[in-house]
Amino acid sequence: MYLSFLINPTVNHDQGRTIWQTIQPILDQAQCAYEFAFIQDYQHAQRLAHKSYERLHHHQNLVVVVIGNDELVNAVINGLMPSDQQGATIPFAFIPTNPNSFLAKQLNVNHSPNTLINRILTTKKPVEINLGHYINSADQVQGYFINRLSIGLSAAVDQLIGPGPIRTWRYLRAAHQASKQITPYNLMLNVNRHHIIFPNAINTQVVNFPFTRTYHFRNKQYLRPPLEIAIAKGHHQWRLIWGLWLMFRHQQLFLLGSQRYREKWFHFSASKPLTITTDHEVKGSHLVNLTIDSVRYPFWDIIKDS
């Protein structure tokens, strides 16, 4: 096994650098072959991830290990997806700098760095997880997300927050500003061969659950299939802020009062250009004509997809 570490050293008060300094002696003691790189930004991480395929000729058991936040995982996943690699895939592993993030809990990696690096070193083969896959036919753009895709209010909050640690006061200020500025849009959803029109929608989110049978830590039940979409209409401003706060605290997956559907794929379009974010990473403002489904990808861990 050959480990390639992509590290965000400054995220969460230099937590990425601290984690690396903690686990590097464990790697040396285990005599594990590895390399590491400190990423400059998410585009840099995506390029480095894609270049990993150049090393497959020399290291067939290559695993890319992400040390950072959910946004860094998103960038690495989009770099690793084998658009021209004749079906070859490189497994990835994740050591989160914030073990309380939604993705860390969904992947069951909300543990200490020492525990996670030992799990990575003792894993013999990857398990497959679900990744969300989207194609926007309005501008012929496609990509992948491991956590969620958002348009409307929650995407506006992501855009206002920008890069850097998401502190409570920054989030509340962005939520207040976005809730004042957001204007409704008309959304047409195609789900299970039904066309549903939502006038005055303000928020649309698609959540991907990585495992086919994912134990929902809030609802305490197994969920299937892997994708769930929620559309929220306009509410009073303070109700919107309260709903965003509950999402920020991981007490709710969606805005209060959202209409929700669970399926293997969705198609929806909006009446005007909107900001799109995936795993909180801003993809810009686009005309929205999205088809969303899921694909399987190898995740390097001992977790069983029960």
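Remember, it's a predicted structure, so these values are computed and weren't measured experimentally. (Residues numbered from 1 in each chain as written. Predicted model: local features only at pLDDT ≥ 70, side-chain atom pairs only at ≥ 80, totals over all residues. Heavy atoms only, no water.)

## Description of the overall build of the chain
Working step 1: Scanning the chain from N- to C-terminus turns up 8 helices and 17 strands.
Working step 2: Its C-alpha atoms give the chain a radius of gyration of 19 Å, near enough to 19 Å, the size a compact globule of 306 residues would have.
Working step 3: Relative to all contacts within the chain whose residues are 6 or more apart in sequence, the contacts with residues 24 or more apart total 73%.
Working step 4: With an accessible surface of roughly 14200 Å², the chain has 48% of that area assigned to carbon and sulfur atoms.
Working step 5: Counting 28 positive and 18 negative side-chain charges, the chain places the centres of these two groups 9 Å from one another. (Helix = DSSP H or I, 4+ residues; strand = E, 2+ residues; numbered from the N terminus. Rg over C-alpha atoms; globule rule 2.2 N^0.38 Å. Contact = heavy atoms within 4.5 Å. Areas by Shrake-Rupley, 256 points an atom, 1.4 Å probe, with all protein chains shown as cover. Lys, Arg positive; Asp, Glu negative; His and termini not counted. Charge placed at Lys NZ, Arg CZ, Asp CG, Glu CD.)

## Points about helix 2 (residues 42-51)
Working step 1: Of the positions making up helix 2, those classed as buried are His44, Ala45 and Ala49. Buried residues of helix 2 fall within an arc of 135° about the axis and therefore sit on the same side.
Working step 2: Summarising the contacts, the buried residues of helix 2 are in contact with strand 1 (2-7), strand 2 (33-38) and helix 3 (70-80).
Working step 3: A side-chain oxygen of the first residue of helix 2 lies 3.2 Å from the backbone nitrogen of glutamine 43; this N-cap is aspartate 41. (Buried < 20%, exposed > 50% of the residue type's maximum accessible area, 1.4 Å probe, protein only. Arc of directions from axis to C-beta. Polar contact = N/O pair within 3.5 Å; in protein donor to acceptor, adjacent residues only side chain to side chain.)

## With respect to the pairing of strand 1
Sheet faces and side chains relate simply in a regular strand, where the side chains alternate between the two faces.
Working step 1: Counting buried residues in strand 1 gives 6 out of 6 residues, a clear majority hidden from the surface.
Working step 2: Judged by which residues are buried, strand 1 turns out to be covered on both faces: Tyr2, Ser4 and Leu6 on one side and Leu3, Phe5 and Ile7 on the other are all buried.
Working step 3: As defined by bridge partners, strand 1 adjoins strand 3 (residues 62-68) across 6 bridges and the pair is classed as parallel. When the bridges of strand 3 are listed, phenylalanine 5 appears paired with valine 65.
Working step 4: By the bridge criterion, 6 bridges tie strand 1 to strand 2 in an arrangement that is parallel. Across the sheet, residue isoleucine 7 finds its bridge partner in strand 2, namely phenylalanine 38. (Pairing = 2+ DSSP bridges.)

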